[in-house]
Amino acid sequence: MAVTTSPDPGTGGLHFKHTTTTGADREAENRHHRTPRTPKWYKIHLFRGMANDLRRRAPYYLSDWTDAWNYRVVPATVYMYFANILPALAFSLDMFTKTDRMYGVNEVLLASVLGAVVFSVLACQPLVIVGVTGPITVFNYTVYDIMEPTGTNYMAFMCWIGLWSLAFHWILAVTNSCNWLRYVTRFPCDIFGFYVAFIYLQKGVQVLERLGDAEPFYLSVVVALCVFAIAYICGELGDSSLFNHAVRVFLKDYGTPLTVVFFTGFVHFGKLEHIQLEHLEVSKAFFPTPHEDGWIRGWFIHFWDIPVGHVFLAIPFALLLTILFWFDHNVSSLIAQGTEFPLRKPAGFHWDLFLLGLTTGVSGLLGIPFPNGLIPQAPFHTASLCVTKVVTNDDADVDTSESKGHPSESYESKPISVVEQRVSNLAQGLLTLGTMTGPLLVVLHLIPQGVLAGLFFIMGYQALAGNGITQKLIFLFKDGRLTSPNHPLNNQALRRSRLWLFVVVELIGFGATFAITQTVAAVGFPVFIFALIPVRAVLLPRWLSREELAVLDGPTASPFTMESVGGSYGGIEEEGEVGGESSGGGESGGGESGGVLSLGAEGTKKSRKVAGERSAEELAELGLSAGSGRSSLRRGSTAVDEIQQGQSQGQVHRRGHQQAGR
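Residues numbered from 1 in each chain as written. Predicted model: local features only at pLDDT ≥ 70, side-chain atom pairs only at ≥ 80, totals over all residues. Heavy atoms only, no water.

(A) Quick peek at the packing of aromatic side chains. A complete count under the given rule lists 35 aromatic pairs for this structure. Geometrically, the ring pair formed by Phe198 and Phe510 is tilted, given 4.9 Å between the ring centres and 45 degrees between the ring planes. With Phe198 in helix H8 (residues 186–209) and Phe510 in helix H18 (residues 496–516), this pair connects stretches of sequence that are 312 residues apart. Joined through ring pairs, the aromatic side chains of Trp160, Trp164, Phe300, Phe303, Trp304 and Phe312 make up one cluster. For Lys98, the ring lying beneath its charged end belongs to Tyr141, and the centroid distance is 4.3 Å. Of note, Lys284 hangs over the ring of Phe287, and the distance from its end group to the ring centre comes to 4.6 Å. (Phe/Tyr/Trp six-rings, centres within 6.5 Å; stacked < 30°, edge-to-face > 60°. Helix = DSSP H or I, 4+ residues; strand = E, 2+ residues; numbered from the N terminus. Lys NZ or Arg CZ within 6 Å of the ring centre and 35° of its normal.)

(B) Fine view of a nonpolar patch on the surface. Residues Val117, Phe286, Leu430 and Leu433 make up a contiguous nonpolar surface patch of roughly 300 Å² in combined accessible area. Given the relative accessible area of 31%, Leu433 is considered partly exposed. (Patch = residues over 30% accessible without salt bridge, like charges linked within 9 Å, V, L, I, M, F, W, Y side chains within 5 Å. Areas by Shrake-Rupley, 256 points an atom, 1.4 Å probe, with all protein chains shown as cover. Salt bridge = Lys/Arg side-chain N within 4 Å of Asp/Glu carboxyl O. Buried < 20%, exposed > 50% of the residue type's maximum accessible area, 1.4 Å probe, protein only.)

(C) Structural context of the pattern of salt bridges. Under the defined criterion, the tally for this structure stands at 13 salt bridges. Note that Arg56 and Asp53 form a salt bridge whose closest N and O atoms lie 2.8 Å from each other. With Arg56 and Asp53 both in helix H2 (residues 48–57) and three residues apart, the pair spans about one turn of that helix. Given a relative accessible area of 9%, Arg56 falls into the buried group.

(D) Representation of the packing of helix H9 (residues 215–238) against helix H10 (residues 245–266) in the model. Axis separation between H9 and H10 bottoms out at 7 Å; the angle between their running directions is 170 degrees. On the basis of their axis angle, the class for H9 and H10 is roughly antiparallel. Residues Val223, Cys226, Val227, Ile230, Ala231, Cys234, Leu237 and Gly238 of H9 lie in contact with H10, whose contacting residues are Arg248, Leu251, Lys252, Gly255, Thr256, Thr259 and Phe263. A class-by-class count of the residues in the contact of H9 with H10 yields nine nonpolar, four polar and two charged. (Axes fitted to C-alpha atoms, helices over the stretch in contact; angles between N-to-C directions. Parallel < 35°, antiparallel > 145°, perpendicular 65-115°, else oblique. Contact = heavy atoms within 4.5 Å. Nonpolar A, V, L, I, M, F, W, Y, C, P; charged D, E, K, R; others polar.)

(E) View of empty space enclosed by the protein. Taken as a whole and judged by the stated rule, the model has five cavities of 30 Å³ or more. Lining the largest cavity, in full, are Tyr79, Phe82, Ala83, Leu86, Pro87, Thr256, Pro257, Leu455, Ile458, Met459 and Gln462. Breaking the lining of the largest cavity down by element, the ones donating at least two residues are helix H4 (73–98), H10 and helix H16 (449–465). When residues in the lining of the largest cavity are grouped by element, the largest group, five residues, is from H4. Of the residues assigned to the lining of the largest cavity, the class counts are nine nonpolar, two polar and no charged. (1 Å grid on protein atoms, 1.4 Å probe; cavity = no way out; pocket = protein on both sides within 12 Å on 5 of 7 lines; lining within 4 Å. Points joined across faces, edges and corners; volume = space filled by probe spheres on them.)

(F) Fine view of helix H6 (residues 134–147). Over its 14 residues, H6 runs 20 Å from end to end, which matches the ideal 20 Å to within 8%, given 1.5 Å per residue. Inspection of H6 places Gly134, Pro135, Ile136, Thr137, Val138, Phe139, Asn140, Tyr141, Thr142, Val143, Tyr144 and Met147 among the buried residues, and these make up the whole buried set. If you follow the buried residues of H6, they end up packed against H4, helix H7 (154–174), H8, helix H11 (308–336) and helix H19 (525–530). (Expected span 1.5 Å × (residues − 1).)

(G) Structural context of a negative patch on the surface. Where like charges cluster on the molecular surface, the negative patch consists of Asp100, Asp145, Glu148, Glu292 and Asp293. Tracing the backbone through its elements, the reader meets Glu292 in the loop between H10 and H11. The class of Glu292 is exposed, set by a relative accessible area of 67%. (Lys, Arg positive; Asp, Glu negative; His and termini not counted. Charge placed at Lys NZ, Arg CZ, Asp CG, Glu CD.)

(H) Structural detail: the environment of Tyr195. Structurally, Tyr195 can be placed in helix H8. In sequence terms Tyr195 and Gly509 are 314 residues apart; their C-alpha atoms lie 9.4 Å from each other. Among residues more than four places away in sequence, those in contact with Tyr195 are Pro135, Phe510, Thr513, Phe514, Thr517 and Phe525.

So, in structure tokens, the structure goes:
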């Protein structure tokens, strides 16, 4: 029997009410106060991640098209068309040479079109640019080097790799494997981005190396360096305080494409016209690349024209391709939705991985390179869609000669919103499709290979300039007296020796990945890339403290973006956050792992109440996350609403404790 009290409206006193507590009531109360059990890792709710992705993104689908009525969509479309197609042409030249004409310009262009159309129309995150990357170029010609001596049908073998990989992608998507993305922090992303940047630089050198040592070689070197220099100057002017805003934006958006156009014509003037330069090889409009004997295959690969044993031999290659794409595409998506971009529409990693499997299988059947998320084009696309404002940073703590008698002011463009829509990605894909027409293929044939080498150089530089490893190295070699005390790495919790240790580990990871790609074992480099995740989650916390890792590393995307996978691993616990509570003791890692699930700056305690103290795995599967407070804030909740709701919840809990005490 239980006694409860309530105010008597007639006398103003307390009214005592006797109730009988049954066994069922006691069991229900015990279940309410019982500590929730952490779900077992082998208990997988099939399709739940994909279903939650679609449920979260579906309400925004119409606005994804209507929001495209914005000026930023036009320069973003043009910029991404050139930023996607020009490196793709350079990669096509590389594969054309190293696979004995199996892949050419039309194959690479069609792969870019396929990725753009599918992901712009159907993906949960249409901002990610999908096309042919440097790593898949390495993968394709490495497989060719391995299988060519066997005499097998190379295109049929690549088709089976794509079909097996389709099955593996769909298995990973159905089993919610993208929940593991919570462990992908800046550490592996920076190493992979560093690797991709050096692949660009290496390809530029290789293009020039194949031109010999006569006049065409020296002219190509000059053209490549000029393309790099002018594109670099345009980018620097775009980020400077020179000229007005419209001129700076124009130089930044169109500087590189106009440089390519200028130097394509420059080599045809004056005495330069008599120098026979190597140009890009093209084929007939909308036809595959012909073989040396003139035979042209169809767009559908005869995948049955291969020994049965080689069908199963393609399985390990497909596994390696799946590992590469799981990491490469998801990292591209994470960086495109980085913390520096104020995004307001939810992500959907599980569904996008399912679509990636679809495009991989279709690409195998068509005999084109497998497309996936592009670095650095994907974050460049988001950056080109940012609506910015100019802000002034007055750093009064730095005592320089310029600050004496003059205000020390620095200007920067701060993004205030992103035009999140599907039109720019679709439009650049359709423009790429138009490039496969006869007249434009003739124009592409006029591009000297030296210009393509210069494009590799500028793309490699741009990828290096924004990389975290580069920023840390610059900080380490910079004069400490001229370093701002507000620099993120100027932290009392971080010793310089620990920063060196972290950077050395990153460089070792990059060196191992880059070194293996220079050997016949290059096909296995995705394993090295994937191994960076457990290195960060298991090894680094043994060498560095949690506070040091919070300064050196952090989540790649915001808590709002990471809701699709249940939160972010890394960082330092906020006040009142306990790793064991937020994850049910199984996901955060606590003190042993050196990291916690990042719950977001707002609504941390409230989200834990709402989620019922569920684990991060449960939150991801239910479409929630520990960062749901951030989600509610982005949807328009004010700080006053949060405080009032927290107070009302606190009153309810206090009344419950009072009643239980009585």
